[in-house]
Amino acid sequence: MTSALPFDDFRDLLGNLPLADLKAEARVRALFAKAGKPENSLGRVEDIAAWLAAWSGRAPPAATRPLMAVFAGNHGVARHGISPRPVAATANAVELCAAGGAAINQICIANDLGLKVFDLALHIPTGDITEDAALDERGCAATMAFGMEAIAGGTDLLCLGDLGVGNSTVAAALLAAVFGGRGVDWVGPGSGADAAMRARKAEVVDAALAFHGRDLEDPLEALRRVGGREFAAIAGAILAARMQRIPVLLDGFAATAAAAVLHAANPAALDHCLLASLSPEPAHARAAERLGLRPLLDLGIGHGEGAGAALAAGLVKAAALTSSGMAAAVRG
């Protein structure tokens, strides 16, 4: 980071994104076409394998070092009673992951995924977005840079998830900032909000939009003003994966909102991403449609932790093996 303003480096990256390897994608599709099966009979499995080849540059593709990265953050806006869970629940969930007892641990074991869980200063909640910016520019940029380190050590498939009490409200505010609308258009039950709490969530989003006003027209400013640390880290991880041509699986409402920031800055920024799972949050499907993301799974998972992405990683690995196995048979 050497530029005068912290966001300048990210703006430069967003303006110079690597492209897909179309030749690798074409080779995979050609191998499927030569296989002894009806045309396109494997449906989206063929599309997943071709996508994996396009962004890994390998044909047939492989996913031998998949990684599940979960980012956890706390939010000052939670003081408005926007979640039925106490703020301490975020740290408790991180501790459960560390002890190996969370759902994500078991799914990662089942699908042979590496797992990293990042505690993003849980003891220091972000600013209350109704009356302050969640982060200053330097802090937001530093958190994005930290998220970029998720791929350190190597991976060929990055799965992204989140933890954070109140972050469905923050996601709603971020999506409203990026796509327009009011709080009522984007808030949902989150982790179990009743009707009164949902109304309060909508009021909080509207208050944040009014407070920050036209400053939200810039996507990275929206991220720092009404986002949070896990959102910034996920955006950084998506961007780092793109620069290294690593395919990405997104999971959940918060990760989709973080991705929307990059899409607003450059509509091609999510070409290397697939949406793993559609959560029960009503606005998630609408956000996914706006981003052109069609979920691989729709299992009603709203648990967080990246559970949907970890499950979808098994599907991606199966698609890769299907492609490579059939390719070997065709060549044989």
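Everything quoted here is computed from the prediction, not taken from an experiment.

Rules behind the numbers
- Each chain carries its own residue numbering, running from 1 in the direction its sequence is written.
- With pLDDT at 70 or above as the cut-off, local features in this predicted model cover only qualifying residues; side-chain atom pairs require 80 or more to be listed or tallied, and sums for whole chains, interfaces and linings still use all residues.
- Calculated side-chain values reflect all of the structure's heavy atoms, with hydrogen atoms and water omitted.
- Only DSSP runs of H or I reaching four residues or more are called helices, and only runs of E reaching two or more are called strands; each is numbered from the N terminus.
- Throughout, radius of gyration means the C-alpha value; the globule benchmark is 2.2 Å times the number of residues raised to the power 0.38.
- Burial here depends on accessible area, computed with a 1.4 Å probe over protein chains only, as a share of the maximum for the residue type. Under 20% is buried, over 50% is exposed, and the range in between is partly exposed.
- Two residues qualify as a contact provided that any one of their heavy atoms is within 4.5 Å of a heavy atom in the partner residue.
- All accessibility values rest on the Shrake-Rupley procedure with a 1.4 Å probe; residue burial counts only the protein chains present in the view.
- Charge convention: Lys and Arg are scored as positive, Asp and Glu as negative, and His as well as the terminal groups of each chain are ignored.
- Here the site of a charge means NZ on Lys, CZ on Arg, CG on Asp, or CD on Glu.
- Between any two strands, at least two bridges found by DSSP are needed for them to pair.
- Think of each axis as a best-fit line through the C-alpha atoms, taken over the contacting stretch in the case of a helix, with angles from 0 to 180 degrees between the N-to-C directions.
- Working definition: a ring pair exists when centres of Phe, Tyr or Trp rings (six-membered ring for Trp) sit within 6.5 Å. Plane angles under 30 degrees give stacked, over 60 give edge-to-face, the rest tilted.
- The reported arc concerns the directions from the helix axis to the C-beta atoms and nothing else.
- Oblique is the label for any angle not covered by the other classes, which are roughly parallel (under 35 degrees), roughly antiparallel (over 145) and roughly perpendicular (65 to 115).
- Residue type decides the class: Asp, Glu, Lys and Arg count as charged, Ala, Val, Leu, Ile, Met, Phe, Trp, Tyr, Cys and Pro as nonpolar, and the leftover types, Gly among them, as polar.

Notes on the overall build of the chain
Step number 1: What the chain contains, in helices and strands, is 14 helices and 5 strands.
Step number 2: Scaling as 2.2 N^0.38, a compact globule of 332 residues should have a C-alpha radius of gyration of about 20 Å, and the chain matches this with 19 Å.
Step number 3: Across its three principal axes, the chain shows a C-alpha extent of roughly 65 × 45 × 35 Å.
Step number 4: Looking at the chain as a whole, 56% of its 332 residues qualify as buried.
Step number 5: Considering only residue pairs separated by 6 or more positions, the chain has 79% of its internal contacts joining residues 24 or more positions apart.
Step number 6: For the chain, the exposed surface amounts to about 13100 Å²; the carbon and sulfur share of it is 54%.
Step number 7: Taken as two groups, the 28 positive and 34 negative side-chain charges of the chain have centres that lie 6 Å from each other.

A word on the sheet that holds strand β4 (residues 248–251)
Paired through their backbone hydrogen bonds, the strands of a sheet run either parallel or antiparallel.
Step number 1: The strand order across the open sheet built from 5 strands is β2-β1-β3-β4-β5, with neighbouring strands paired in parallel fashion. The open sheet has two free edges, formed respectively by β2 (114–119) and β5 (273–277), since each of these has just one partner strand. Taken pair by pair, the neighbouring strands of this sheet meet at an average axis angle of 25 degrees, ignoring direction.

Comments concerning the packing of aromatic side chains
Step number 1: Under the criterion given, the structure shown has 3 aromatic pairs.
Step number 2: For the ring pair F71 and F118, a centre distance of 4.8 Å and an interplane angle of 15 degrees mean the geometry is stacked. Of this pair, F71 sits in strand β1 (residues 66–72) while F118 sits in strand β2, placing them 47 residues apart in sequence.
Step number 3: The buried category is assigned to F118, whose relative accessible area is 15%.
Step number 4: A ring pair is formed by F118 and F146, whose centres lie 5.6 Å apart and whose planes are at 85 degrees; its orientation type is edge-to-face.

Notes on helix α4 (residues 88–98)
Structurally, the α-helix is built with 3.6 residues per turn, so residues lying three or four positions apart point the same way.
Step number 1: Here α4 has its buried residues at A89, T90, A93, V94 and C97. The arc that holds every buried residue of α4, seen down its axis, measures 145 degrees, which confines them to one face. Every exposed residue of α4 that faces more than 90 degrees away from the buried side is listed here: E95 and A98.
Step number 2: On the buried face of α4, the contacting elements are β1, α5 (103–111), β2 and β3 (157–163).
Step number 3: Where α4 terminates, the next one or two residues include G100, which has phi positive at roughly 85 degrees.

A look at the environment of C140
Step number 1: Along the polypeptide, C140 turns up in helix α6 (residues 137–148).
Step number 2: On a C-alpha basis, the gap between C140 and R229 in space is 7.1 Å, while along the polypeptide they are 89 residues apart.

Overview of the environment of R245
Step number 1: Looking at the secondary structure, you find R245 in the loop between α11 (229–243) and β4.
Step number 2: Residue classification places R245 among the partly exposed positions, given a relative accessible area of 41%.
Step number 3: In sequence terms R245 and L52 are 193 residues apart; their C-alpha atoms lie 10.0 Å from each other.
Step number 4: Not counting chain neighbours up to four residues away, the residues in contact with R245 comprise P18, L19, W55 and S56.

Considerations on the packing of helix α10 (residues 219–226) against helix α12 (residues 252–265)
Step number 1: Relative orientation of the contacting elements α10 and α12 amounts to 155 degrees, with a least axis distance of 8 Å. On the basis of the axis angle, α10 is roughly antiparallel to α12. Contact residues: P219, L220 and L223 in α10; V261, A264 and A265 in α12.
Step number 2: Of the residues that constitute the contact of α10 with α12, the class distribution is 6 nonpolar, no polar and no charged.

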